[in-house]
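These are the residues of each chain, in order.
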Amino acid sequence: MPHFADIILPLAVPGTFTYGVPDALHAGAQPGMRVVVAFGKGGKLYSGVVLRVHGEPPAGVRAKAVLEVLDDAPVATPQQLALWQAISAHYLCTLGEVMLAALPASLVLSSATRLVAAPDTSPAWTGDNRRDILLDALERKHELSLEEAGRLIGLKDPMPVIKQLLRDGALMVAEELEPPWKPRMQRFVVMGAQAQGEAALHHWFDALERAPKQLHLLMRYIELSRCLGDDPREVRREELLKRSEATAAELNRLVEKGVFAFEERPAGMPSATAAAKEANILSPAQQQALDEVLQGFAAKDTVLLHGVTASGKTELYMELIHAQLEQGKQVLYLLPEIALTAQIIARLRARFGDRVAVFHSRLSQRERTELWMQLLREPGARPVVVGARSALFLPFRHLGLVIVDEEHDPSYKQHDPAPRYNARDMAIVLAALHGANTLLGSATPAMESLYNARSGKYGFAALRVRHGGAALPAIVKVDLGEMHKRKKMRGSFSEPLLEAVRQALGRKEQAIIFQNRRGYVPAWQCETCGWVPECTHCDVSLTYHKRDHSLRCHYCGRRYDPPVRCAACGSNRLRMVGLGTEKVEEELALLLPEARVDRMDQDTTRGKHGLQRLLDRFGQGDIDILVGTQMVTKGLDFHQVTVVGILNADNLMRFPDFRAHERAFQLMAQVAGRSGRRSDPGTVFIQGRDIHHPIIELVARHDVDGMYRRELPLRQAHGYPPFSRMVRMVLRHGDEARVQETAQALAEALRGLLADRVLGPEPPPVARVRDKHLRVILLKLSRNRYRAEKQFLQETIDHLFAAPPHRAVQLQVDVDPM
């Protein structure tokens, strides 16, 4: 009986492709294994993943044969393949696009895959002609594509030879040669063997009287580390040298004498003392919330935990993780942005040690592949995986719990390229495939999640008090119109906000200033005619960046020299309009010259460890005021922050999006939650001209339920989520008339079934990006007829774009846009 396999290819082409499986390969061609096949007229080689093996030949065509099986065991589990299919079906993308997003790049081979000689491979001749020819060529050219390697050794299908050389370690895929990600190391000072105990310390106080600088260094260490108290701790080397004004030589002399010792470890890794501590005892409020979560899991697969900021949700998560590990299960802990969560990772490792694995974009392809294969072969070795949205694709064997922290965060949504999935929603699908539970946690839950909890689809638990008796911050609303009238503005800062920051600095406390726009100013403008310089490739104004004195397009990345004259009227009267984080930082330096000010946005955190260094410095008190975009709302837990300023609340609410008010509430509530996370409740200043807006009133009352009650009827009246499923389609083409014609034809075809639930086509606010004209169509699909209407949408797209007039127009489909 002939055998056939449906193969997923790493291409943006719909469906799977059926290939014949030769008898010699049949035993090895199993679902989840990689095979080599030729595809297309040129016969290019690709490694695909077997989805299904069966005995049904393709109708009307002769099936090509599978050329080689690459694996001894599946590299994708049945649950992963099912997840890929669910993502493809829901987000209207191809299985190949999902496969490319899911698999580490070094597991995806094609004719264009680059091969290099392994670092330790000798180029000497061995008598194996094919091996020697390839290695000799690689010595001269450094790398070859798979297609070039095949031509060199005279084989149309070089994969059997390449596969053996890869297994022997003679060849490597070029991606595997990326330098491995190395965590930033930190050096700490601890008490040495000769200074343990109070008596030994008093001995050194006497012995160092003739070395006053060394004695001062020891006294400063004691002050910083509190080593004579009940809570000894280490001191970072740089901090000790800075606070004691000592030299490295003086510190090294004390190390030589045994008074001090150095400990070095990766940033975020707990010390041995911290790791040996017993787990914290939950507060009554935390224990009650944990009981509610467990009761919820008894009835529902998914539970929403609404916990106010600084309520101690992480402690509750760790109790749930511990219970899963006791049962031999795995846990996936998703975070919106892995770079901002070193504090959480450190706490998890302090509790669970090296059983915690971290998966993020800074790992090299080789390290990603190694973690992937370890989870397949030794699932018990690293049972806790912490990661951003891409960790969703890892191969779990015994998944028992998925935690989605800050579940409301838009960062869980992938925008480009496809698949444009929401990791929060797909985490629930993944957990269901494993028979696991999902816990969604947030201080400001998404409207959809709250609706699902209130309607009984999810379980619900609440943690409404801050941990340790800390109070929620006081909210002060500042009317910018009134402040301007009374001449109480200093640049972008009102006098009440500026005075509060000044007093906080006097108490050795810290402040966060939130301005959700990076750069120096959003635009330059001619005072005579109002002309604003725009990108020549996009219909958007340019943002001025003072650091490198350039105008930048935040859509295509191009840079321009600032103009000296107006391009429209020739006037040289050009002024800067608006406010960005760079300008805020400059204003603070002038208003508070004694303050140490730094900035957190995309421009200052691009380096490999730039963000972590910034957070470390802020956490250690080396920065007094941190200015930032929405990055400052995520994952920050610094007990010295007692003042938060939101410079312009109006701008947050004025976006042409039905989620604008929800997003504004979440941003303001989250940034407010950075304040007063210990004993001092802190103060949050919200500046704006419309300070009596209902959303600002709700933020001032910390009223998530009120926000839900206000927004839900509006969503229902206009048919927006959670009462419908939204689909956003963006059409692109260099010819504006062509894209308008295709967009109009698509909208008319869809109105045949969806009628007035088709909105558009309309040009978006930025109607041209990278020389392509854009048109947007929004669809509201009925939840009751969702599958049928989505099928109609797919068939309409396939039919329309098969016609020559429309084929050249690019279409991007985004289901459940954020």
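Placed above this text is the structure.
## Focus on the pairing of strand E18 (residues 459–463)
Here's step 1: Counting buried positions along E18 yields four of five residues, so the element is predominantly enclosed.
Here's step 2: Summarising the sheet, strand E12 (residues 302–307) and E18 pair through five bridges and their orientation is parallel. In the sheet register, Gly-307 faces E18, and the bridge partner there is Leu-463.

## Re the nonpolar core
Here's step 1: Among the nonpolar cores identified, the biggest contains 111 residues, and Trp-84, Met-668, Met-729 and Leu-779 are the most heavily contacted of them.
Here's step 2: When residues of this core are assigned to their parent elements, the largest contribution, seven residues, is made by helix H23 (residues 660–672).
Here's step 3: Ignoring anything within four residues of it in the chain, the contact list for Met-668 reads Ile-646, Ala-649, Leu-652, Ile-686, Ile-695, Ile-696 and Val-699.
Here's step 4: Core analysis: the second largest hydrophobic core is formed by 31 residues, Val-293, Ile-338, Val-356 and Leu-463 among them.

## A word on the sheet that holds strand E3 (residues 34–39)
Here's step 1: If you trace the five strands from one edge of the open sheet to the other, you get E2-E1-E4-E3-E5, paired in antiparallel fashion. Strand pairing shows two members of the sheet lacking a second neighbour, strand E2 (17–20) and strand E5 (68–69), which therefore form its edges.
Here's step 2: Direction of pairing for E3 relative to E5: antiparallel, over a ladder of two bridges. For Val-35, the partnering residue across the bridge sits in E5 and is Val-69.

## Topic: the packing of helix H26 (residues 736–754) against helix H27 (residues 786–801)
Here's step 1: The geometry of H26 relative to H27 is characterised by a closest axis approach of 10 Å and an angle of 145° between their N-to-C directions. The interaxial crossing formed by H26 with H27 has right-handed handedness. Counting all contacts with H26, which are made through Thr-742, Ala-745, Leu-746, Ala-749, Leu-750, Leu-753 and Leu-754, the residues of H27 involved are Glu-789, Phe-792, Leu-793, Thr-796, Ile-797, Leu-800 and Phe-801.
Here's step 2: Looking at the contact of H26 with H27 residue by residue, the class counts come to 11 nonpolar, two polar and one charged.

## Some remarks on the side chain of Ser-492
Here's step 1: The residue Ser-492 is located in the loop between strand E20 (489–490) and strand E21 (493–494) in this model.
Here's step 2: Excluding its chain neighbours within four sequence positions, the residues that come into contact with Ser-492 are Leu-579, Glu-587, Leu-647 and Gln-687.

## Here we look at the sheet that holds strand E26 (residues 559–560)
Here's step 1: The antiparallel open sheet is built from three strands, whose spatial order is E24-E25-E26. The sheet is open, and its two borders are formed by strand E24 (543–545) and E26, each paired with just one other strand.
Here's step 2: As paired strands, E24 and strand E25 (residues 550–552) are joined by three bridges and run antiparallel to one another. Bridge pairing in E25 places Thr-543 opposite Arg-552.

## Considerations on the pairing of strand E4 (residues 44–54)
Here's step 1: Burial runs high along E4: eight of the 11 residues are buried.
Here's step 2: Pairing between strand E1 (residues 4–8) and E4: five bridges, direction antiparallel. Within the sheet, the bridge partner assigned to Asp-6 lies in E4 and is Arg-52.
Here's step 3: As paired elements, E3 and E4 share six bridges and run antiparallel to each other. When the sheet's bridge partners are listed, Phe-39 is paired in E4 with Lys-44.
Here's step 4: Where E3 folds back on E4, the antiparallel hairpin that results is connected by four residues, among which Gly-40 adopts a positive phi of roughly 85°.

## Thoughts on the pattern of salt bridges
Here's step 1: The final tally for this structure, using the stated rule, is 38 salt bridges.
Here's step 2: Linking Asp-539 and Arg-768 is a salt bridge whose minimum nitrogen-to-oxygen distance equals 3.1 Å. Taken as a pair, Asp-539 in the loop between strand E23 (523–526) and E24 and Arg-768 in strand E34 (residues 768–769) lie far apart in primary sequence, 229 residues in all.
Here's step 3: Since its relative accessible area comes to 31%, Asp-539 is described here as partly exposed.
Here's step 4: Here Arg-785 and Glu-789 are joined by a salt bridge, their closest N and O atoms 3.4 Å apart.
Here's step 5: For Glu-789, a relative accessible area of 3% corresponds to the buried category.
Here's step 6: Among the ionic contacts, a cluster of salt bridges with common partners joins Glu-662, Arg-710, Glu-711 and Arg-715.

## Remarks on helix H25 (residues 704–718)
Given 3.6 residues to a turn, an α-helix orients residues that are three or four positions apart in the same direction.
Here's step 1: Given a rise of 1.5 Å per residue, 15 residues ought to cover 21 Å, and the 21 Å separating the end C-alpha atoms of H25 matches this to within 8%.
Here's step 2: Val-704, Gly-706, Met-707, Tyr-708, Glu-711, Leu-712 and Arg-715 are the residues of H25 that are buried.
Here's step 3: Here the buried face of H25 lies against E12, helix H17 (447–454), H23 and helix H24 (694–700).
Here's step 4: The N-terminus of H25 is capped by Asp-703, whose side-chain oxygen sits 3.4 Å from the backbone nitrogen of Asp-705.

Reading the values: rules and limits
Residues numbered from 1 in each chain as written. Predicted model: local features only at pLDDT ≥ 70, side-chain atom pairs only at ≥ 80, totals over all residues. Heavy atoms only, no water. Buried < 20%, exposed > 50% of the residue type's maximum accessible area, 1.4 Å probe, protein only. Helix = DSSP H or I, 4+ residues; strand = E, 2+ residues; numbered from the N terminus. Pairing = 2+ DSSP bridges. Core = buried A, V, L, I, M, F, W, Y, C linked by side-chain atoms within 4.5 Å. Contact = heavy atoms within 4.5 Å. Axes fitted to C-alpha atoms, helices over the stretch in contact; angles between N-to-C directions. Left-handed = near helix turned anticlockwise from the far one by under 90°. Nonpolar A, V, L, I, M, F, W, Y, C, P; charged D, E, K, R; others polar. Salt bridge = Lys/Arg side-chain N within 4 Å of Asp/Glu carboxyl O. Expected span 1.5 Å × (residues − 1). Polar contact = N/O pair within 3.5 Å; in protein donor to acceptor, adjacent residues only side chain to side chain.

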